Amino acid sequence: QLQLVESGGGLVQPGGSLRLSCAASGFTLDYYFIGWFRQAPGKEREGVSCISGSDGDTYYADSVKGRFTISRDGTKNTLVLQMNSLKPEDTAVYYCAASSRFTTVQAMCNISPFSDDYWGQGTQVTVSS
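Residues numbered from 1 in each chain as written. Predicted model: local features only at pLDDT ≥ 70, side-chain atom pairs only at ≥ 80, totals over all residues. Heavy atoms only, no water.

Asks: Looking at this structure, I do not really get the state of the cysteines. What am I missing?
Replies: Covalent bonding between the sulfur atoms of two cysteines is what defines a disulfide. The full count for this structure, using the stated rule, is two disulfides. There is a disulfide in this structure between Cys22 and Cys96, and the S-S distance comes to 1.9 Å. Taking the torsion about the S-S bond as the criterion, the Cys22 to Cys96 disulfide, at about 60°, is right-handed. Taken as a pair, Cys22 in strand 3 (residues 18-25) and Cys96 in strand 9 (residues 92-99) lie far apart in primary sequence, 74 residues in all. A relative accessible area of 2% means that Cys22 is categorised as buried. Taking the relative accessible area as the measure of exposure, Cys96 reaches 0% and is therefore buried. Between the sulfur atoms of Cys50 and its disulfide partner Cys109 the distance amounts to 2.2 Å. Taking the torsion about the sulfur-sulfur bond, which here is approximately 100°, the covalent link between Cys50 and Cys109 counts as right-handed. One end of the pair, Cys50, is in strand 5 (residues 46-52); the other, Cys109, is in helix 1 (residues 105-111), and 59 residues separate them in sequence. (Disulfide = S-S within 2.5 Å. Helix = DSSP H or I, 4+ residues; strand = E, 2+ residues; numbered from the N terminus. Buried < 20%, exposed > 50% of the residue type's maximum accessible area, 1.4 Å probe, protein only.)

Structure, rendered in structure tokens:
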């Protein structure tokens, strides 16, 4: 069965850091655009950061640029999001996703994958003092 499994979420104080991981099984991320999305209660889902599994091209939302870093661990077929200088407004459920229907990583993060693309179950990130 093809699946994505997120891990690494938790409770952290403002200014702290978390490292999220998304492990893929049943397929290789090399052939997809992959990324992180988040959704807070009462808010629309937004693209946080996306990366090309083939050439490594990246995109970051303005709200996280300079604080978050997206990367791939190819040996483990895993997507990673390093989150630094966390703010309360970063609180959300974070999902990883993979899609082959987009032509740029910016398009994937701004439009977001369709429901029939690959999605993880999400991991909760809470930033609070």
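Alright, that's what it looks like, and here's the rest.
Asks: It is not clear to me how the pattern of salt bridges should be interpreted in this structure. Could you clarify?
Replies: Close approach of charged atoms allows side chains with opposite charge to pair. Within the structure shown, the criterion is met by six salt bridges. Residue Arg38 pairs with Glu46 through a salt bridge whose shortest N-O separation is 2.7 Å. Salt-bridge contacts for Arg101 lead to Asp117; the nearest nitrogen and oxygen are separated by 3.0 Å. Here the residue Arg101 occupies a position in the loop between strand 9 and helix 1, and Asp117 occupies one in the loop between helix 1 and strand 10 (118-119), the gap between them amounting to 16 residues. Classification of Arg101 as partly exposed rests on a relative accessible area of 40%. When salt bridges that share partners are traced, they join Arg38, Glu46, Arg67 and Asp90 into one network. (Salt bridge = Lys/Arg side-chain N within 4 Å of Asp/Glu carboxyl O.)

Asks: Sorry if this is basic, but what is going on with the pairing of strand 4 (residues 33-39) here?
Replies: On a regular strand, each side chain points to the face opposite its neighbour's, so the side chains alternate between the two faces of the sheet. Within strand 4, six of the seven residues are buried, which leaves it mostly tucked inside the rest of the structure. Bridging between strand 4 and strand 5 involves six bridges; their strand directions are antiparallel. If you follow Trp36 over to strand 5, its bridge partner there is Ser49. What sits between the antiparallel neighbours strand 4 and strand 5 is a turn of six residues, in which Gly42 has the positive phi angle 80°. Here strand 4 pairs with strand 9 via seven bridges, running antiparallel. Counted as the bridge partner of Ile34 is Ala98 from strand 9. (Pairing = 2+ DSSP bridges.)

Asks: Where do I start with the side chain of Arg67 in this structure?
Replies: Relative to the assigned elements, Arg67 resides in the loop between strand 6 (58-60) and strand 7 (68-73). Judged by its relative accessible area of 11%, Arg67 is buried. In this structure the side chain of Arg67 is engaged in a polar contact, spanning 2.8 Å, whose partner is the backbone oxygen of Ser63. Discounting residues that sit within four places of it in the chain, Arg67 has contacts with Gln82, Met83, Asn84, Ser85, Leu86, Lys87 and Asp90. (Polar contact = N/O pair within 3.5 Å; in protein donor to acceptor, adjacent residues only side chain to side chain. Contact = heavy atoms within 4.5 Å.)

Asks: Explain the packing of aromatic side chains to me, please; I cannot follow it from the model alone.
Replies: Centre-to-centre distance and the angle between the planes together describe a pair of aromatic rings. All told, the structure shown has five aromatic pairs when counted by the stated rule. Consider the rings of Tyr32 and Tyr118, whose centres lie 5.6 Å apart with planes at 70°: the pair is edge-to-face. Placement of the pair is Tyr32 in the loop between strand 3 and strand 4 and Tyr118 in strand 10, with a sequence separation of 86 residues. Each ring, one from Phe37 and one from Trp119, has its centre 5.3 Å from the other, and the planes form 55°; the classification is tilted. Residue Phe37 is located in strand 4, and its partner Trp119 is located in strand 10; the two are separated by 82 residues in the primary sequence. On the accessibility criterion, Phe37 (1% relative accessible area) is buried. By way of ring pairs, the aromatic residues Phe27, Tyr32 and Tyr118 are connected into one cluster. One Lys or Arg, Arg101, reaches over the ring of Phe114 and ends 4.4 Å from the middle of that ring. (Phe/Tyr/Trp six-rings, centres within 6.5 Å; stacked < 30°, edge-to-face > 60°. Lys NZ or Arg CZ within 6 Å of the ring centre and 35° of its normal.)

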